[in-house]
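Each chain, letter by letter, is given below.
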Amino acid sequence: MKAIVITSPGAPEVLQLKEVEDPEIKDDQVLIKVAAAAINRADTLQRQGKYPPPKGDSEYPGLECSGTVEAVGKDVKRWKIGDEVCALIGGGGYAEKVAVPEGQVLPVPPGVSLQDAASFPEVACTVWSTIFMMSHLSSGETLLVHGGSSGIGTFAIQIAKYYGARVFVTAGSEEKLAACKDLGAEVGINYKSEDFVSRVKAETGGKGVDVILDNIGGPYFQRNLDCLNIGGRLFIIGFMGGTQTQVNLSALLARRLTVQAAGLRSRTKENKAEIVSEVEKKVWPAITAGKVKPVVYKYLPLGEAAEAHKLMESSQHIGKIILTV
Ligand SMILES: NC(=O)c1ccc[n+]([C@@H]2O[C@H](COP(=O)([O-])OP(=O)(O)OC[C@H]3O[C@@H](n4cnc5c(N)ncnc54)[C@H](OP(=O)(O)O)[C@@H]3O)[C@@H](O)[C@H]2O)c1
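In this numbering scheme, every chain counts its residues from 1 along its sequence in written order. Residue-level local features of this predicted model are given only where pLDDT is at least 70; pairs of side-chain atoms are given and counted only at 80 or more, and the full residue set underlies all totals for whole chains, interfaces and linings. Only hydrogens and water are set aside when side-chain values are computed; all heavy atoms of the structure are taken into account.

**Let's talk about the layout of surface pockets**
As a reminder of what qualifies: The definitions used throughout rest on a 1 Å grid laid over the protein atoms alone, on which a cavity is an enclosed set of points accommodating a 1.4 Å probe that cannot get out and a pocket is an open set flanked by protein within 12 Å on both sides along at least five of seven lines; lining residues are those having an atom within 4 Å of a point. Grid points are joined across faces, edges and corners, and a volume is the space filled by probe spheres set on the points. What counts as a helix is a DSSP run of H or I of at least four residues, what counts as a strand is a run of E of at least two, and both are numbered from the N terminus. Three classes are used, and their members are as follows: Ala, Val, Leu, Ile, Met, Phe, Trp, Tyr, Cys and Pro are nonpolar, Asp, Glu, Lys and Arg are charged, and the others, Gly among them, are polar. Each domain's extent was defined by an automatic or database domain assignment.
Taken as a whole, the largest pocket spans an internal volume of roughly 1,100 Å³. Considering each element in turn, the lining of the largest pocket owes the most residues, five residues, to helix 2 (residues 121-132). For the lining of the largest pocket, the residue count by class is 20 nonpolar, 18 polar and nine charged. When residues are assigned to domains, the lining of the largest pocket turns out to be shared by domain 1 (2-120 + 265-324) and domain 2 (133-261), each giving three or more. Volume-wise, the second largest pocket comes out at about 590 Å³. Gln29, Gly56, Asp57, Ser58 and Ala99 are the residues nearest the centre of the second largest pocket, which is lined by 30 residues in total.

Next up, the structure:
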């Protein structure tokens, strides 16, 4: 088969389409003939040599894909050859074929094209497993999403609104904020021209938000604590601003705050299967009802993975970038 190979750690040009061995499936895996794979920020880190795949996962990049089941292992119960599916994977999506444990496979949601289905597994599993399963965001609460126009952000806005939360976002341009509002965000904060803590306080009568989904890390840590309501929960999923900071801990005690962080990729396959199962129960109905839509900025052919990475690193995009196979 053909796959995108990271020829050496470095700039996007190190991503090259090569002829490689087909993957072999284990007894509990399905072989997916890939139709599309979505790009994630983590893939750019893997390309630079900063985020190696977990042991046992494919060395090729790609954390999610959609396609058609081409073969099934002998212990696979749910899936059969010809099923149209999408999947959460530890790696290997940027390829014509990928082997995936059956618990990480989802049906293509009705009403969504096979290609667009590739935009959901990583964002849905990340957002559901963090702010819903661990931070217990609930109806009537207020959520602040940093990077509202990101792949993660555009999904988080829609699903949080679907479950009755008020959604605030930060983003780096008015165009991005307008897109977030179209998706259901109530308050958009341009972090380049406005202090998000003051704006959050002003919009919540001084109380603050209940939950924050943060991809910035160190530089936002203190400010995130400063704009949480009593009982507020901060969930960190990325460190785009860095990992180091100094913090005054007193707010944690006085306002009974919770700080959590988690990565999806390094979880066990059993744990991923649990999350995927919850996502199918709780998120797939919202997609099927048309309340959560794929937000795709651009489709590029698999051979243009380098262009796709350049686009993501430029941060011009709103939503997901998809490679078609
Ligand atoms: N923990 C997990 O399991 C998990 C899973 C998936 C994703 N993530 C993390 O979630 C974040 C979003 O992922 P994604 O794939 O949705 O990414 P993405 O679409 O590329 O979005 C990232 C956004 O972050 C904003 N940004 C803020 N600071 C930035 C900086 N220093 N350089 C570049 N952009 C910056 C940009 O928007 P503005 O122009 O508005 O600043 C950009 O659009 C990433 O940090 C990723 O690693 C974590």
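Now that the structure has been shown, we can carry on.
**A word on the site of the ligand**
Defined as follows: Summary of the distance rule: residues count as near a molecule or strand when at least one heavy atom falls within 4 Å of that molecule or strand. For this analysis, a polar contact is any N or O atom pair within 3.5 Å, provided that within protein one partner can donate a hydrogen and the other can accept it, and provided that sequence-adjacent residues contribute only side-chain to side-chain pairs. Computed with a 1.4 Å probe, the accessible areas rest on the Shrake-Rupley method; for each residue, only the protein chains presented here act as cover. Should more than half of a molecule's atoms lie within 2 Å of a pocket's or cavity's grid points, that molecule is taken to sit in it.
Close to the ligand lie 22 residues, the nearest being Arg41, Gly172, Lys176, Tyr191 and Ala262. Within the contact set of the ligand, an oxygen atom lies 2.7 Å away from a side-chain nitrogen or oxygen of Arg41. Within the side chain of Asn215, an N or O atom sits 3.4 Å from an oxygen atom of the ligand. Against a free-state accessible area of 920 Å², the protein chains account for coverage of 84% of the ligand. Applying the majority rule of atoms within 2 Å of the grid points places the ligand in the largest pocket.

**Let's talk about the UniProt feature "domain: Enoyl reductase (ER)" (unreviewed entry) in the protein chain**
To keep things clear, this is the line we draw: UniProt positions are given in the numbering used here, feature names are shortened, and annotations may be inferred rather than shown by experiment.
When the UniProt feature table is mapped onto this chain, "domain: Enoyl reductase (ER)" (unreviewed entry) is found at residues 10-323. Within the segment residues 10-323, helix and strand shares are 28% and 25% respectively, and the terminal C-alpha atoms sit 20 Å apart.

**Let's talk about the packing of aromatic side chains**
What counts, and what does not: Each Phe, Tyr or Trp ring (for Trp, its six-membered ring) is paired with any other whose centre lies within 6.5 Å, and the angle between the two planes then decides the class: stacked below 30 degrees, edge-to-face above 60, tilted in between. For every residue, the accessible area (1.4 Å probe, protein chains only) is compared with the maximum for its type, and the residue is labelled buried under 20%, exposed over 50%, or partly exposed between those bounds.
Evaluated as defined, the whole model comprises seven aromatic pairs. Here Phe120 and Trp284 contribute two aromatic rings whose centre-to-centre distance is 6.1 Å and whose plane-to-plane angle is 65°, an arrangement assigned as edge-to-face. Note that Phe120 is positioned in the loop between strand 7 (105-107) and helix 2 and Trp284 in helix 9 (residues 284-288), a separation of 164 residues in sequence. According to the relative accessible area criterion, Phe120 is buried, its value standing at 2%. When the centroid spacing of 5.4 Å and the interplanar angle of 55° are considered together, the rings of Trp128 and Tyr163 count as tilted. Taken together, the residues Trp128 in helix 2 and Tyr163 in the loop between helix 3 (151-162) and strand 9 (166-171) connect sequence positions 35 residues apart. Note on Trp128: relative accessible area 6%, which makes it buried. Each residue in the set Trp128, Phe132, Tyr162 and Tyr163 is aromatic and connected to the rest through ring pairs, giving one cluster.

**Structural notes on the packing of helix 2 against helix 8 (residues 269-282)**
Test applied: Note on geometry: axes are C-alpha line fits, over the in-contact stretch for helices, and angles between N-to-C directions span 0 to 180 degrees. To sort the angles, those under 35 degrees are grouped as roughly parallel, those over 145 as roughly antiparallel, those from 65 to 115 as roughly perpendicular, and the leftovers as oblique. Contact between two residues is taken to exist if any of their heavy atoms lie within 4.5 Å; hydrogens are not considered.
In the contact formed by helix 2 and helix 8, the axes pass within 9 Å of each other and the chain directions differ by 95°. Comparing the axis directions of helix 2 and helix 8 gives the class roughly perpendicular. Counted together, Ala124, Cys125, Trp128 and Ser129 of helix 2 and Ile275, Val276, Glu278, Val279 and Lys282 of helix 8 form the full contact between these two elements. Residue classes in the contact of helix 2 with helix 8 are distributed as six nonpolar, one polar and two charged.

**Structural notes on empty space enclosed by the protein**
By the definition in use, this model includes two cavities of 30 Å³ or more. For the largest cavity, the calculated volume is near 60 Å³. Along the walls of the largest cavity sit Ser119, Phe120, Val123, Gly151, Thr154, Phe155, Gln158, Val292, Lys293, Pro294, Val295 and Lys320, which together make up its complete lining. For the lining of the largest cavity, the element with the highest residue contribution is helix 3, accounting for four residues. Of the residues belonging to the lining of the largest cavity, the class tally is six nonpolar, four polar and two charged. Viewed by domain, the lining of the largest cavity spans two of them, domain 1 (2-120 + 265-324) and domain 2 (133-261), each represented by three or more residues. Approximately 30 Å³ is the volume attributed to the second largest cavity. Along the walls of the second largest cavity sit Leu63, Leu88, Ile89, Glu122, Leu264, Arg265 and Lys272, which together make up its complete lining. The residue inventory of the lining of the second largest cavity, partitioned by class, reads four nonpolar, no polar and three charged.

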